[in-house]
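For reference, the chains in residue letters:
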Amino acid sequence: KAMFDNIYQHDGATFFYTSRNSNKFANVYEITGEVDQKIQAVSFALCGSTNRKYTVNIYKNIGENKLEAGELVATKTGKTTYEGYYTVLLDEPITAAIGETYTVVILFEETTSMLCAYSNFPFSEDDISTVVCTSKEGESFYGYNNKLVDIGSGSNYSNFCIKMYTTDDDGG
């Protein structure tokens, strides 16, 4: 059996690039599916940055434009040692009901480059296959001037490579 039953992500199959530098990045997810779930882990991808101390904060039931105003339900700290993906297992799973919304916030002690996925454009390298991805407002944010800015608004057309992993809640 796989370690996780569900992967929440906004960075599907597309081209990737290094984001603008910031020390805060966030993705918002709504729990979907047939059964309640338990949030077990998150992951993020760095590009061009190593040896960064980070804090992962997960907030429940956020309000509009108040990404960190909800209930803080998990915090985990660590340090990166290489460029690439990091999976951070939570100390305790978070019980999450269908329809609840969660924000995964990654804070770094210094400016960092997070990997981003281009979206909202078709690509065909060989005129045979086409990749079409989308980004929407309210999915990915970065810190700028003490505010979280929506990277999906305007003409940015991208999302941060931050994922949230859950298992189906078996009631136990």
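If you're wondering where the values come from, they're calculated on a predicted model, not measured in any experiment.

Cut-offs used in this document
Residues numbered from 1 in each chain as written. Predicted model: local features only at pLDDT ≥ 70, side-chain atom pairs only at ≥ 80, totals over all residues. Heavy atoms only, no water. Pairing = 2+ DSSP bridges. Helix = DSSP H or I, 4+ residues; strand = E, 2+ residues; numbered from the N terminus. Axes fitted to C-alpha atoms, helices over the stretch in contact; angles between N-to-C directions. Phe/Tyr/Trp six-rings, centres within 6.5 Å; stacked < 30°, edge-to-face > 60°. Buried < 20%, exposed > 50% of the residue type's maximum accessible area, 1.4 Å probe, protein only. Salt bridge = Lys/Arg side-chain N within 4 Å of Asp/Glu carboxyl O. Core = buried A, V, L, I, M, F, W, Y, C linked by side-chain atoms within 4.5 Å. Contact = heavy atoms within 4.5 Å.

K.L.:
How would you explain the sheet that holds strand 5 (residues 53–60) if you had to name every residue and give the values?
P.N.:
Strand order in the open sheet formed by six strands is 6-5-8-3-12-13, with antiparallel pairing between adjacent strands. Whereas interior strands pair on both sides, the edge strands pair on one side only; in this sheet they are strand 6 (71–79) and strand 13 (147–150). For this sheet, the mean inter-axis angle between neighbouring strands, taken without regard to orientation, is 25°. When strand 5 meets strand 6, the two strands line up antiparallel, connected through eight bridges. Bridge assignment links Lys-60 to a residue of strand 6, and that residue is Glu-71.

K.L.:
Describe in detail the sheet that holds strand 4 (residues 37–46), supporting the description with residues and values.
P.N.:
The four strands lie next to each other as 1-15-4-7, forming an open sheet whose pairing is antiparallel. Every other strand in the sheet has two partners, leaving strand 1 (6–8) and strand 7 (84–96) as the edge strands with one partner each. Direction aside, neighbouring strands of the sheet carry axes that sit 25° apart on average. As paired strands, strand 4 and strand 7 are joined by nine bridges and run antiparallel to one another. Along strand 7, the bridge assignment pairs Ile-39 with Ile-94.

K.L.:
Hey, could you go over the packing of aromatic side chains for me, with residue numbers and the actual values?
P.N.:
Taken as a whole and judged by the stated rule, the model has seven aromatic pairs. A ring pair is formed by Phe-44 and Phe-108, whose centres lie 5.8 Å apart and whose planes are at 80°; its orientation type is edge-to-face. One end of the pair, Phe-44, is in strand 4; the other, Phe-108, is in strand 8 (residues 101–112), with 64 residues separating them in the sequence. Judged by its relative accessible area of 0%, Phe-44 is buried.

K.L.:
Hey, could you go over the pattern of salt bridges for me, with residue numbers and the actual values?
P.N.:
Following the criterion strictly, the structure yields three salt bridges and no others. Its salt-bridge partner being Arg-52, residue Glu-110 comes within 3.5 Å of it at the nearest N-O pair. Here Glu-110 is found in strand 8, whereas its partner Arg-52 is found in the loop between strand 4 and strand 5, with 58 residues between them in sequence. As a salt-bridge pair, Glu-100 and Lys-60 come within 3.4 Å of each other at their nearest N and O atoms. With Glu-100 in the loop between strand 7 and strand 8 and Lys-60 in strand 5, this pair connects stretches of sequence that are 40 residues apart. Residue Glu-100 is classed as buried on the basis of its relative accessible area of 16%.

K.L.:
Any chance you could break down the nonpolar core for me, citing the residues and the numbers?
P.N.:
Ranked by size, the top nonpolar core spans 27 residues in total, and within it Phe-44, Ile-58, Val-104, Ile-106 and Met-164 carry the most contacts. Elements with a contribution of two residues or more to this core: strand 3 (22–30), strand 4, strand 5, strand 7, strand 8 and strand 15 (162–168). Sorting elements by how many residues they give to this core places strand 7 first, with five residues. Leaving out residues up to four positions away in the same chain, Phe-44 has contacts with Tyr-54, Thr-80, Gly-84, Tyr-85, Tyr-86, Val-88, Ile-106, Phe-108, Met-114, Cys-161 and Ile-162. Core analysis: the next-biggest nonpolar cluster, separate from the first, contains six residues, Tyr-59, Leu-67, Val-105 and Phe-141 among them.

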